[in-house]
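Commentary on secondary and tertiary structure
Letter by letter, the chains look like this.
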Amino acid sequence: MSVAPACPRCRAGEVLAVLRLPHTWANASGGPVRGMSEIVVCARCDAGDPLTGPIVAYFAAHDQVRPESLDQLARPLRRWLDRARPPEPDEQALEAEIEAWYRGDL
Ligand SMILES: [Zn+2]
């Protein structure tokens with residue numbers, strides 16, 4: 001039996017779905033930096049979210065995805081895929097890092 005990966009946020013919840021998005025941002029000199037953003041649906045963190053709650057509810061009710069119940073999952077999954085966005089960079093954490101850099105702490 002395989003063990004499901006744990007959620008990177010709570011480190012305990014089961015990861016139900018992973019979306020990998022190409023993510024580009026500008027570095028200090030304005031050059032593009034390409035990366036990959038992972039957005040996960042966690043059975044624990046995302047149960048109360050209106051967007052991901054139905055996905056969590058589906059997996060709570062069904063042990064696995066079966067053809068006869070696929071429609072129940074496809075709709076919330078598609079909604080999530082349409083709206084999921086990489087997390088915005090944390091401005092405050094960035095500022096603190098820049099300040100530390102100027103102080104020579106990094
Ligand atoms: Zn979690």
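Residues numbered from 1 in each chain as written. Predicted model: local features only at pLDDT ≥ 70, side-chain atom pairs only at ≥ 80, totals over all residues.

**Some remarks on the overall build of the protein**
Quick reminder of the rule: For helices the rule is a DSSP run of H or I covering at least 4 residues; for strands it is a run of E covering at least 2, with both sets numbered from the N terminus onward. Each radius of gyration reported is based on C-alpha atoms, and the globular scaling rule is 2.2 Å times the count of residues to the power 0.38. Exposure in this text rests on C-beta crowding, where 20 or more other C-beta atoms within 10 Å of a residue's own make it buried, 12 or fewer make it exposed, and counts in between make it partly exposed. The C-beta atoms are placed from the backbone. For every residue pair, C-beta atoms are placed from the backbone, and the pair is scored as a contact if these atoms sit within 7 Å.
Scanning the protein for helices and strands turns up three helices and two strands. Starting at the N terminus, the α and β elements of the protein follow one another as β-β-α-α-α. A globule of 106 residues ought to have a C-alpha radius of gyration of about 13 Å, yet the protein, at 18 Å, is considerably larger. Expressed as lengths along the three principal axes of its C-alpha atoms, the size of the protein is roughly 60 × 25 × 25 Å. Across the 106 residues of the protein, 9% fall into the buried class. Summarising the internal contacts of the protein: among those between residues at least 6 apart in sequence, 45% fall at separations of at least 24.

**Re the packing of helix H1 (residues 53-61) against helix H2 (residues 70-83)**
We count it as follows: The axes are straight lines fitted to the C-alpha atoms, using for helices just the contacting stretch, and the angles between their N-to-C directions are given from 0 to 180°. Any angle between 65 and 115 degrees counts as roughly perpendicular, while under 35 counts as roughly parallel, over 145 as roughly antiparallel, and the rest as oblique. Note on convention: the crossing is left-handed when the near helix lies turned anticlockwise from the far helix by less than a right angle, right-handed when the turn is clockwise. Amino acids are sorted into nonpolar (Ala, Val, Leu, Ile, Met, Phe, Trp, Tyr, Cys and Pro), charged (Asp, Glu, Lys and Arg) and polar (every other residue, Gly among them).
The N-to-C vectors of H1 and H2 enclose an angle of 150°; their axes lie 8 Å apart at closest approach. Our classification of the angle between H1 and H2 gives roughly antiparallel. Regarding H1 and H2, the two cross each other, and that crossing is left-handed. Counting all contacts with H1, which are made through Pro54, Ile55 and Tyr58, the residues of H2 involved are Gln72, Leu73, Pro76, Leu77 and Trp80. In the contact of H1 with H2, the residues fall into seven nonpolar, one polar and no charged.

**So, the pairing of strand S2 (residues 32-42)**
Threshold: DSSP bridges decide pairing: two strands pair if at least two such bridges lie between them.
As defined by bridge partners, strand S1 (residues 15-26) adjoins S2 across eleven bridges and the pair is classed as antiparallel. Bridging from a neighbouring strand, Leu21 pairs with Ser37 of S2. Linkage of S1 to S2, two consecutive antiparallel strands, is achieved through a turn of five residues, within which Gly30 is found at a positive phi near 85°.

**Thoughts on the confidence of the model for the protein**
Caution applies to low-pLDDT regions: their predicted coordinates should not be interpreted in detail. Rule in force here: pLDDT expresses, on a scale from 0 to 100, how confident the predictor is about each individual residue.
Residues with a pLDDT of 70 or more make up 94% of the protein, whose mean pLDDT is 87. Per-element confidence in the protein is highest for H1, whose mean pLDDT is 95, and lowest for helix H3 (residues 91-103), whose mean pLDDT is 83.

**So, the nonpolar core**
Nonpolar side chains in soluble globular proteins generally cluster together in the buried interior. Applied cut-off: As used here, a nonpolar core is made of buried Ala, Val, Leu, Ile, Met, Phe, Trp, Tyr and Cys residues. They are joined through C-beta atoms within 7 Å.
Among the nonpolar cores identified, the biggest contains seven residues, and these are Leu16, Val40, Val41, Cys42, Ile55, Val56 and Leu77. Of all the secondary structure elements, the ones that give two or more residues to this core are S2 and H1. Apart from the residues within four sequence positions on either side, Cys42 is in contact with Cys7, Arg9, Cys10, Gly13 and Val15.

**Quick word on the environment of Pro54**
Following the sequence through the fold, Pro54 ends up in helix H1. Taking the number of C-beta atoms within 10 Å as the measure of exposure, Pro54 has 16 and is therefore partly exposed. Remark: the alpha-carbon pair of Pro54 and Gln72, spanning 18 residues in sequence, is separated by 8.9 Å.

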